[in-house]
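Structure at a glance
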Amino acid sequence: MVRKDGQLHGYVDVCPHAGWPLAIMDNYLTRTKDRLLCAGHGALFRIEDGACTSGPCAGQALEAWPVTVRDGVIVVA
Ligand code: FES
């Protein structure tokens, strides 16, 4: 899960390139914190929709994991 501009977004932690988990040491974001980063081969993903914007899986996307906030509690489907 990642929050941007007050919106919560959830994704399955599997890169569409080679199926690896995205992060090493729980670091999922770029230094500028404007993209999700796959540590495997450097793919970058938009936080808002999980689209891969750069790297070996450009044009693909992370699988969304529906999340909502209900009474201040994060609820996953
Ligand atoms: S496994 Fe993510 S870019 Fe290759």
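These numbers were taken from a predicted model, which means no experiment stands behind them. (Residues numbered from 1 in each chain as written. Predicted model: local features only at pLDDT ≥ 70, side-chain atom pairs only at ≥ 80, totals over all residues. Heavy atoms only, no water.)

Time to look at the environment of Arg46. Examined against the element boundaries, Arg46 turns out to sit in strand β4 (residues 44-46). Between the C-alpha atoms of Arg46 and Leu36, which are ten residues apart in sequence, the distance is 6.4 Å. Discounting chain neighbours no more than four positions away, the residues touching Arg46 are Tyr11, Arg35, Ala51 and Thr53. (Helix = DSSP H or I, 4+ residues; strand = E, 2+ residues; numbered from the N terminus. Contact = heavy atoms within 4.5 Å.)

Here Thr30 is to be found in the loop between β2 (7-9) and β3 (35-37). On the accessibility criterion, Thr30 (13% relative accessible area) is buried. If we skip the residues at most four places from it in the chain, Thr30 touches Arg35, Leu37 and Leu44. (Buried < 20%, exposed > 50% of the residue type's maximum accessible area, 1.4 Å probe, protein only.)

Reading across the sheet, the three strands line up as β3-β4-β5 and stay open at both edges, with antiparallel pairing between neighbours. Here the strands that pair on one side only, and so sit at the sheet edges, are β3 and β5 (52-54). Taken pair by pair, the neighbouring strands of this sheet meet at an average axis angle of 40°, ignoring direction. (Pairing = 2+ DSSP bridges. Axes fitted to C-alpha atoms, helices over the stretch in contact; angles between N-to-C directions.)

Following the criterion strictly, the structure yields two salt bridges and no others. Across the salt bridge formed by Lys4 and Glu48, the nearest N and O atoms sit 2.8 Å from each other. Of this pair, Lys4 sits in strand β1 (residues 2-4) while Glu48 sits in the loop between β4 and β5, and the two are 44 residues apart along the sequence. What makes Lys4 partly exposed here is its relative accessible area of 22%. Taking relative accessible area as the criterion, Glu48 reaches 39% and is therefore assigned partly exposed. The closest approach of N and O atoms between Arg46 and Asp49, which form a salt bridge, is 2.8 Å. Take Asp49: its relative accessible area is 37%, and that puts it in the partly exposed class. (Salt bridge = Lys/Arg side-chain N within 4 Å of Asp/Glu carboxyl O.)

Let's shift gears to the side chain of His9. By the secondary structure assignment, His9 is in strand β2. A relative accessible area of 15% means that His9 is categorised as buried. Engagement of the side chain of His9 in a polar contact is seen with the backbone oxygen of Glu48, the distance being 3.4 Å. Aside from chain neighbours lying at most four places away, what touches His9 is Met1, Val2, Lys4, Ile47, Glu48 and Val67. (Polar contact = N/O pair within 3.5 Å; in protein donor to acceptor, adjacent residues only side chain to side chain.)

Put simply, the protein has an average pLDDT of 95, and 100% of its residues get 70 or more. Per-element confidence in the protein is highest for β4, whose mean pLDDT is 98, and lowest for strand β7 (residues 73-76), whose mean pLDDT is 92. (pLDDT = per-residue confidence, 0-100.)

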